[in-house]
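Working through the structure, step by step
One-letter residues, chain by chain:
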Amino acid sequence: MRSRFSISNYSNLAQRVITALIGAIAIISSALYSEWSYFVIFAIILGFTQMEFYKLSGLDGMLPLKSFGTFVGLLIFTFTFLEEMKIIPIAYYFLVFPLVSMIFFIKLYRKSDKKPFTGIAYTILGIFYVAIPFSLLTVAAFSVDKTFHYEIVIGSLFILWASDSGAFFAGTKFGKTKLFERVSPKKSWEGSLGGAFTAIVVTYFISKNFTILPEWQWFCIMTIIIIAGTYGDLIESLFKRSIAIKDSGKGLPGHGGFMDRFDGLLLSTPFIVAFLKIF
């Protein structure tokens, strides 16, 4: 017998709102509290997201090294954080290369693996698709005067969440013109425009309160998030459509899985870091 307080008893929209509030509070609190609490919460998110990616690969008949690939991803994230904190020298990054090479050795001894090349490829893809963007988010947080600035993390996430939420509600209410029907029949141009509008409004308030970056840089980050975030959503829809599933997982009620919630971040972060480092 299910508890009357189970989140599954609520509508999908209510589940979506409750999960979003709990997740946002946890993420924002961790970034505000200290660098180390940021590190812990994002390492947890990274681990769940990367394992979810490998689970999807398994549904498509691939056999990636789930535990080892996730371990390497977490190690890259940890090295990045510790190097940015000036706790370890950048030379420790060179340990990543022999660890990635170990994937080949491990696969050599998997007798039951009929397609070792694809298993190796998907293991490495999980590292690049999930762990590298999360690690680059840390680089972005330290990109101004080499100290941790929670404003960059929280500001970028606020913009992403505003874009996602605006697109969801505008698309639900007004969506008629298909954005990319072959990949995602429910996504519409009206939803995308609604997401862009809410992102612009949120970015304006962020630029007035988080002055660690000039206003024009915040609006450039917003543009990156709107474009790359939309493509990230479409690309994940392409992944899911290819293996005939609706959600990447069930870890986040109302949202699906961790990849469903953070797909926009995965493609936005590399562009954001490149922009901040160059300009």
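Predicted model, so just to flag it, every value in this text is computed and none were measured.

What the protein contains, in helices and strands, is nine helices and two strands. Along the protein, from the amino end to the carboxyl end, the secondary structure elements read α-α-α-α-α-α-β-β-α-α-α. Expected size for 279 residues packed as a compact globule is a radius of gyration near 19 Å; at 19 Å, the protein falls within 12% of this value. Principal axes of the C-alpha set define a box for the protein whose edges measure 55 × 50 × 40 Å. Burial analysis of the protein (279 residues in total) assigns 48% to the buried set. With the model as given, the accessible surface of the protein reaches about 14800 Å², and the carbon-plus-sulfur share is 70%. For the protein, the distance from the average site of its 25 positive side-chain charges to the average site of its 17 negative ones is 10 Å.

Where helix α2 (residues 35–59) contacts helix α5 (residues 116–141), the axes come no closer than 10 Å and their chain directions differ by 160 degrees. As far as their axial angle goes, α5 and α2 are roughly antiparallel. Of the two elements, α2 crosses α5, and the hand of that crossing is right-handed. Facing Y38, F42, I45, L46, T49, Q50, F53, Y54 and S57 of α2, the residues of α5 in contact are Y122, T123, L125, G126, I127, Y129, V130, A131, F134, L137 and T138.

Within a regular strand, the side chains alternate between the two sheet faces. Pairing geometry for strand β1 (residues 178–180) and strand β2 (residues 184–188), over two bridges, is antiparallel. Directly across from K178, in β2, lies its bridge partner S188. Hairpin connection between β1 and β2: a loop of three residues separates the two successive antiparallel strands.

The next point concerns the packing of α5 against helix α9 (residues 258–278). Across the interface, α5 lies against α9 with an axial gap of 8 Å and an inter-helix angle of 50 degrees. What the angle tells us is that α5 and α9 run oblique. The chirality of how α5 crosses α9 is left-handed. Taking contact as the criterion, the partners of Y129, V130, P133, F134, L136, L137, V139 and A140 in α5 are, on α9, M259, F262, L265, L266, T269, P270, V273, L276 and K277. A breakdown of the residues in the contact of α5 with α9 according to their chemical character gives 15 nonpolar, one polar and one charged.

So, on to helix α3 (residues 66–84). Taking 1.5 Å as the rise per residue, α3 with 19 residues should run 27 Å; its terminal C-alpha atoms sit 27 Å apart, in good agreement. Residue K86 follows α3 closely and has a positive phi angle near 65 degrees.

Going through the model one piece at a time under the given rule, you end up with 22 aromatic pairs. Each ring, one from F134 and one from F262, has its centre 6.2 Å from the other, and the planes form 55 degrees; the classification is tilted. Placement of F134 in helix α5 and of F262 in helix α9 is noted, with a sequence separation of 128 residues between them. Assigned by exposure class, F134 and F262 land together as buried. Geometrically, the ring pair formed by F142 and F148 is tilted, given 5.6 Å between the ring centres and 55 degrees between the ring planes. F148 carries the same exposure label as F142, and that label is buried.

So, about the confidence of the model for the protein. Predicted coordinates in areas of low pLDDT are best not read in detail. Scored by pLDDT, the protein has a mean of 88; 91% of the residues are at 70 or more. Taking the mean pLDDT of every element in the protein, the minimum, 81, falls on β2 and the maximum, 96, on α3.

The subject of this paragraph is a nonpolar patch on the surface. A contiguous nonpolar patch, built from I227, Y231, I235, L238 and F239 and spanning about 440 Å² of accessible area, is present on the exposed surface. On the secondary structure map, L238 appears in helix α8 (residues 215–242).

Moving on to the pattern of salt bridges. Pairing of side chains with opposite charge becomes possible as their charged atoms draw close. The full count for this structure, using the stated rule, is five salt bridges. With a closest N to O distance of 3.8 Å, E83 and K86 form a salt bridge. The salt bridge partner of R261 is D164, with a shortest N-O separation of 2.7 Å. Here the residue R261 occupies a position in helix α9, and D164 occupies one in helix α6 (residues 150–174), the gap between them amounting to 97 residues.

The next thing to look at is the nonpolar core. Counting residues in each nonpolar core, the largest one holds 68 residues, and the members touching the most others are Y38, F42, F77, F134, I221 and L276. Sequence-distant contacts of F134, defined by excluding residues within four places in its chain, comprise Y38, F42, I45, L46, T49, F77, F262, L265 and L266.

What follows concerns the UniProt feature "transmembrane region" (unreviewed entry) in the protein. The UniProt feature table records "transmembrane region" (unreviewed entry) at residues 12–32, 38–56, 63–81, 87–108, 120–142, 148–170, 191–210 and 216–235. In this annotation, residues 38–56 is assigned 100% helix and 0% strand; the end-to-end C-alpha distance for the span is 27 Å. Between the end C-alpha atoms of residues 191–210 there is a gap of 27 Å, over a span that is 95% helix and 0% strand.

Rules behind the numbers
- Residues numbered from 1 in each chain as written.
- Predicted model: local features only at pLDDT ≥ 70, side-chain atom pairs only at ≥ 80, totals over all residues.
- Heavy atoms only, no water.
- Helix = DSSP H or I, 4+ residues; strand = E, 2+ residues; numbered from the N terminus.
- Rg over C-alpha atoms; globule rule 2.2 N^0.38 Å.
- Buried < 20%, exposed > 50% of the residue type's maximum accessible area, 1.4 Å probe, protein only.
- Areas by Shrake-Rupley, 256 points an atom, 1.4 Å probe, with all protein chains shown as cover.
- Lys, Arg positive; Asp, Glu negative; His and termini not counted.
- Charge placed at Lys NZ, Arg CZ, Asp CG, Glu CD.
- Axes fitted to C-alpha atoms, helices over the stretch in contact; angles between N-to-C directions.
- Parallel < 35°, antiparallel > 145°, perpendicular 65-115°, else oblique.
- Left-handed = near helix turned anticlockwise from the far one by under 90°.
- Contact = heavy atoms within 4.5 Å.
- Pairing = 2+ DSSP bridges.
- Nonpolar A, V, L, I, M, F, W, Y, C, P; charged D, E, K, R; others polar.
- Expected span 1.5 Å × (residues − 1).
- Phe/Tyr/Trp six-rings, centres within 6.5 Å; stacked < 30°, edge-to-face > 60°.
- pLDDT = per-residue confidence, 0-100.
- Patch = residues over 30% accessible without salt bridge, like charges linked within 9 Å, V, L, I, M, F, W, Y side chains within 5 Å.
- Salt bridge = Lys/Arg side-chain N within 4 Å of Asp/Glu carboxyl O.
- Core = buried A, V, L, I, M, F, W, Y, C linked by side-chain atoms within 4.5 Å.
- UniProt positions renumbered as here; feature names shortened; annotations may be inferred.

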